[in-house]
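# Fold and contact review
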Amino acid sequence: MYHNNSIRILTGNSHPELALAVAERLNVPTVPCTVKKFSNGEINVKISESVRDEDVFIIQSGCDDVNDNLMELLILISACKTASARRITAVIPCFPYARMDKKDKSRAPITAKLVANMLTVAGCDHVITMDLHASQIQGFFDIPVDNLWSEPLMMGYIKRSIPGWQDGIVVSPDAGGAKRVTAMADKLNIEFAIVHRKRDGKSLTAPERMELLVGDVKDKVAILVDDMIDSGSTLALAARTLYENGAKSVHALISHGLLSGSNLSFIDELPIHELVVTNTIPQNKHQESVTKLKTIDISPTIAESIRRTHNGESISLLFGEWAETSGMHVL
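Here goes a summary of the coordinates provided. As the structure is a prediction and not an experimental result, all values here were calculated from the model. Starting afresh in each chain, residues are numbered from 1 along the sequence in its written order. Totals for whole chains, interfaces and linings use all residues, but because this is a predicted model, local features are given only for residues with pLDDT of at least 70 and pairs of side-chain atoms are given and counted only at 80 or more. Heavy atoms from the whole structure form the basis of all side-chain values; hydrogens and water molecules are not counted.

## Topic: the nonpolar core
With 39 residues, the main nonpolar core has V22 and I306 as its most contacted residues. Listed by contribution, the elements that provide at least two residues to this core are β1 (7-11), α1 (16-26), β4 (55-59), β6 (126-130), α4 (151-161), α5 (178-188), β11 (221-229) and α9 (299-311). Throughout, a contact is declared for two residues whenever any of their heavy atoms are within 4.5 Å. When near neighbours in sequence (up to four residues on either side) are disregarded, V22 contacts I9, I59, S299, I302, A303 and I306. Nonpolar core, defined: a set of buried Ala, Val, Leu, Ile, Met, Phe, Trp, Tyr and Cys residues in which side-chain atoms within 4.5 Å join the residues together. Type-normalised accessible area, obtained with a 1.4 Å probe on protein chains alone, sets the label of each residue: buried when under 20%, exposed when over 50%, and partly exposed for intermediate values. Where helices and strands are cited, they refer to DSSP runs of H or I of at least four residues and of E of at least two residues respectively, numbered from the N terminus.

## Comments concerning the pairing of β4
In terms of burial, β4 is largely enclosed, as five of its five residues are buried. Side chains of β4 alternate between two faces, with D55, F57 and I59 and V56 and I58 buried alike. Pairing analysis gives five bridges linking β4 to strand β5 (residues 87-92), with the strands arranged parallel. Across the sheet, residue I58 finds its bridge partner in β5, namely A90. If you view a crossover with the strands going away from you and the path from the first strand over the helix to the second runs clockwise, you call it right-handed. The parallel pair β4 and β5 is bridged by helix α2 (residues 66-82), and the resulting crossover is right-handed. When DSSP finds two or more bridges between a pair of strands, those strands are recorded as paired.

## Re the sheet that holds β1
The parallel open sheet is built from five strands, whose spatial order is β1-β4-β5-β6-β7. In this open sheet, the two strands that pair with only one neighbour each are β1 and β7 (145-148). Averaged over all pairs of adjacent strands, the angle between their axes in this sheet comes to 20 degrees, without regard to strand direction. In this structure, β5 lies alongside β6, joined through four bridges in parallel fashion. Each bridged residue has a counterpart across the sheet, and for V91 the counterpart in β6 is I128. Contacts from α1 reach β1 and β4, with the element oriented near 165 degrees to β1. A fitted line through C-alpha atoms serves as each axis, taken over the contacting stretch for helices, and the angle formed by two N-to-C directions is quoted from 0 to 180°.

## Observations regarding the packing of aromatic side chains
Stacked, tilted and edge-to-face pairs are distinguished by plane angle, under 30 degrees for stacked and over 60 for edge-to-face with tilted covering the rest, among Phe, Tyr and Trp rings (Trp via its six-membered ring) whose centres lie within 6.5 Å. The tally for this structure, following the rule as stated, stands at two aromatic pairs. With 6.0 Å between their ring centres and 80 degrees between their planes, F95 and F141 make a pair best called edge-to-face. Within this pair, whereas F95 is found in the loop between β5 and α3 (111-122), its partner F141 is found in the loop between β6 and β7, the two being separated by 46 residues in sequence. Just as F95 is buried, F141 falls in that class too. Ring centres 4.8 Å apart and planes at 75 degrees place the aromatic pair W149 and F319 in the edge-to-face group. Placement of the pair is W149 in the loop between β7 and α4 and F319 in the loop between α9 and α10 (321-326), with a sequence separation of 170 residues.

Here it is, written out as structure tokens:
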């Protein structure tokens, strides 16, 4: 059993609710710290308790004011480093700049690598994150990275909350998610489909449409799975394509609900039964504007990964049946 006095949980302003839920599950208090701005916008951090020779976990997600939240995380890491913390783990449920993971055109930055460098230079010893946009980001670090999956939580949700899933089909809205949907389809013992997005013409302003590349969704419960929803345009195109191809109903399950569009009410008008996301990003304000939105709680998975990391235990349990049952709490 771990000792309560040797594990320290800190949080910035990105997602304090998640940090409190994790701390409650671990039965440890969060370390009181103040993270605020000077009048010129610079971030000021004050940690009110000693972290000397402690195992420190800083929970901070890449959401909303992503640059401020990243800077808060870096400063918190640096503050703990100079305060002689024994080990500093950055718990980043949604990794910032994860979509910029390769040089896909001339002069494009690989910003995910820059973020990895900054975390390491600040003094981070270990990173826990969830559903990286591209799993090769783990290789951008020279320190250990644990990339947790929301897939078992989603599979648990499908089995408990989607009627007729046995006659369903798991759908990816692009070729990049093929590996995810084929793995889920295998475990659920159902079929999978892949939708392809293309422009009608070569100009960047040409209208976009989707076509069904693989699979037959006619008269089936379509379970659309993706790692991230931002503006919602991909979801809208995919949902309409599935509906036009004869899907009985469409359920969208997406790991990171960024939902940064200014007007999200259009999601309620889409031909989908529900939009299910995790709380890697706070969803309180989104739930006010989107009635079809449901949230799966990831705090049990994060808490268990912290406990196991602290005790030096394997975290492979978190990728299997344990995680399926832990996600029973829908917010």
